[in-house]
Amino acid sequence: MSDAPPEARSVGAAAVAVPPIAVGTSPLGGMAEIYGYDVGAERAERTVEAVLDSGIGFIDTSNAYGNGESERRIGSVIRRRGLPKDFVLATKADADPETGDFSARRVLASFFESRERLGVDRFPIFYLHDPEFHPVEEIFGPGGALDGMRELKASGAVDVVGVAGGDIEVMKRCLDSGLFEVVLSHNRYTLLDQTAEPLIEYARSTGASFINAAPYASGMLAKDAAERPRYAYRTPSDAVVAAVERLRELCRQFDVPLPAVALQFSLREPRITSTVVGVSHPDRVDALMRNTAIEIPEELWTELQMLQLTHGRG
């Protein structure tokens, strides 16, 4: 039998209670260039409504998803429905989409843009997003992005400040600042890629929480091969395709769906505070809930360890 999903855990000095699963909403911004398909506004809003009805209790978004469209669509539903008590709504500070500026001033502007789109006054969790794509001085120097995050934290506008990105070494450097209470990594702790392992341990050593995003590797572990899924937002290599087929065969032997195994691989890891799963359709919310509850035989996890499938993001 698989381990049950963990209960909500507290994050940061403010002890924000974070549910074990969050719904990621980058697909709801209509980012066809990233995902290979579009999501219209009506479908996106129905998906958000399904999340609010599901009891999941945690939505993750960003200022930059679809040039703000993800936040606008979520905000439209929030204005109609409101948020359930203790719901965790997290978003991210992004650089200026036109100039690339990522100064302290830009972080504050990004916060106010997100607040306006989403129709809320403050955020339980607010991340600095993708610092690895910007010059060091814009992030760590005087008047840089970290100063903006410090100002938001000091003002009480956010409960917990975090950093979200891909580059492991940059994320570790951000943790060295002593500012960040939670780190979010995407596509780097999956059945196919555990390169976030050093970051998980580093976060643990600093007292920061670790949130794992994209356990389905941006669709590769959730969709049938016929749908030509992307792997970490790119066309998968032949080696990755072969590895996924080995995983599918293993799951067939135990009569369990691969998406459930991929999700529970993250959920059963005690060092992971929460797992962010992107959804693009109301039906996917129901499927997500089912995948948390499917029993996975312990023998499958043993067989999985023997496969030793680690392919990075190639």
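The structure under discussion appears in the preceding block.
Definitions and limits used
- Residues numbered from 1 in each chain as written.
- Predicted model: local features only at pLDDT ≥ 70, side-chain atom pairs only at ≥ 80, totals over all residues.
- Heavy atoms only, no water.
- Helix = DSSP H or I, 4+ residues; strand = E, 2+ residues; numbered from the N terminus.
- Rg over C-alpha atoms; globule rule 2.2 N^0.38 Å.
- Buried < 20%, exposed > 50% of the residue type's maximum accessible area, 1.4 Å probe, protein only.
- Areas by Shrake-Rupley, 256 points an atom, 1.4 Å probe, with all protein chains shown as cover.
- Lys, Arg positive; Asp, Glu negative; His and termini not counted.
- Charge placed at Lys NZ, Arg CZ, Asp CG, Glu CD.
- Polar contact = N/O pair within 3.5 Å; in protein donor to acceptor, adjacent residues only side chain to side chain.
- Contact = heavy atoms within 4.5 Å.
- Salt bridge = Lys/Arg side-chain N within 4 Å of Asp/Glu carboxyl O.
- Pairing = 2+ DSSP bridges.
- Right-handed = clockwise from strand over helix to strand, strands pointing away.
- Axes fitted to C-alpha atoms, helices over the stretch in contact; angles between N-to-C directions.
- Parallel < 35°, antiparallel > 145°, perpendicular 65-115°, else oblique.
- Left-handed = near helix turned anticlockwise from the far one by under 90°.
- Nonpolar A, V, L, I, M, F, W, Y, C, P; charged D, E, K, R; others polar.
- Expected span 1.5 Å × (residues − 1).
- Arc of directions from axis to C-beta.
- 1 Å grid on protein atoms, 1.4 Å probe; cavity = no way out; pocket = protein on both sides within 12 Å on 5 of 7 lines; lining within 4 Å.
- Points joined across faces, edges and corners; volume = space filled by probe spheres on them.

Peer 1: What exactly am I supposed to notice about the overall build of the protein here?
Peer 2: If you tally the helices and strands in the protein, you get 12 helices and 10 strands. Relative to the globule expectation of 20 Å for 314 residues, the C-alpha radius of gyration of the protein, 19 Å, shows essentially globular dimensions. Taking the principal axes of its C-alpha atoms as reference, the protein extends roughly 55 × 40 × 35 Å. The buried share of the protein, reckoned over its 314 residues, is 55%. Of the roughly 13400 Å² of accessible surface on the protein, a fraction of 49% belongs to carbon and sulfur atoms. Averaging the coordinates of the 33 positive side-chain charges in the protein and doing the same for the 46 negative ones gives two points 2 Å apart.

Peer 1: Explanation requested: the side chain of N212 in the structure shown.
Peer 2: Examined against the element boundaries, N212 turns out to sit in strand β9 (residues 209-213). Within the structure, N212 has its side chain in polar contact with the backbone oxygen of Y189 (distance 3.0 Å). Other than its neighbours up to four places away in sequence, N212 contacts S185, Y189, S266, I272, S274, T275 and V276.

Peer 1: I keep staring at the pattern of salt bridges and nothing clicks. Help me out?
Peer 2: Pairing between side chains of opposite charge can happen when their charged atoms approach one another. Scanning all chains against the criterion turns up 23 salt bridges. Across the pair R72 and E69 runs a salt bridge whose closest N-O atoms are separated by 3.1 Å. One end of the pair, R72, and the other, E69, are both in helix α3 (residues 69-81), 3 residues apart, so they sit about a helical turn from each other. A salt bridge links R106 to E113; its shortest N-O distance comes to 3.0 Å. The network of salt bridges with shared partners includes E197, E201, R204, E269 and R271.

Peer 1: Explain the pairing of strand β5 (residues 88-93) to me, please; I cannot follow it from the model alone.
Peer 2: Working note: regular strand, side chains alternate between the two faces of the sheet. For β5, the tally of buried residues reaches 6 of 6 residues, placing the bulk of the element in the interior. In terms of strand pairing, strand β4 (residues 58-60) meets β5 through 3 bridges, oriented parallel. Residue pairing in the sheet places I59 in a bridge with L89 of β5. A crossover links β4 with its parallel partner β5, the connecting element being α3, and its sense is right-handed. Sheet topology places β5 next to strand β6 (residues 123-129); 4 bridges connect them, and they run parallel. Note that in β6 the partner of A93 across the bridge is L128.

Peer 1: How should I be thinking about the packing of helix α9 (residues 238-254) against helix α12 (residues 298-307) in this particular structure?
Peer 2: The description of two packed helices rests on the angle between their axes and on the distance between the axes. Axis separation between α9 and α12 bottoms out at 11 Å; the angle between their running directions is 160°. By the angle between their directions, the pair α9 and α12 is classed as roughly antiparallel. Crossing angle aside, the handedness with which α9 passes α12 is right-handed. On α12, the residues touching R246, L247, L250, C251 and F254 of α9 are E299, L300, E303, L304 and L307. Looking at the contact of α9 with α12 residue by residue, the class counts come to 7 nonpolar, no polar and 3 charged.

Peer 1: Got a minute to help me understand the pairing of strand β8 (residues 182-186) in this structure?
Peer 2: With 4 of 5 residues buried, β8 lies mostly within the body of the structure. Bridge count between strand β7 (residues 158-165) and β8: 4 bridges; the pairing is parallel. Residue pairing across strands places V163 opposite V183, the latter belonging to β8. In this region the chain leaves β7, passes through helix α7 (residues 168-176) and returns to the parallel neighbour β8; the handedness of that crossover is right-handed. Note that β8 and β9 share 5 bridges and pair parallel. Note that in β9 the partner of V183 across the bridge is F210.

Peer 1: Help me understand α9 in this model?
Peer 2: Helix length check: α9 (17 residues) gives 25 Å between terminal C-alpha atoms against 24 Å at 1.5 Å per residue, within 8%. Within α9, the full set of buried residues consists of V240, A243, V244, L247, R248, L250 and C251. Down the axis, α9 shows its buried residues gathered within 160° of arc, on one side only. Turned more than 90 degrees from where α9 packs its buried face, D238 and Q253 sit exposed. Within two residues after α9, D255 carries a phi angle of roughly 55°, on the positive side.

Peer 1: I tried to follow the layout of surface pockets on my own but got confused; where do I start?
Peer 2: Gaps left between atoms show up when a probe the size of a water molecule is rolled over them. A volume near 1100 Å³ is recorded for the largest pocket. What lines the largest pocket is a set of 49 residues, among which S26, P27, Y35, S218 and Y233 lie closest to the centre. Within the residue set of the lining of the largest pocket, elements represented by two or more residues are α1 (32-35), β8, β10 (274-278) and α11 (282-293). For the lining of the largest pocket, the leading source of residues is α11, giving 5 residues. Here the residues of the lining of the largest pocket sort into 25 nonpolar, 13 polar and 11 charged.

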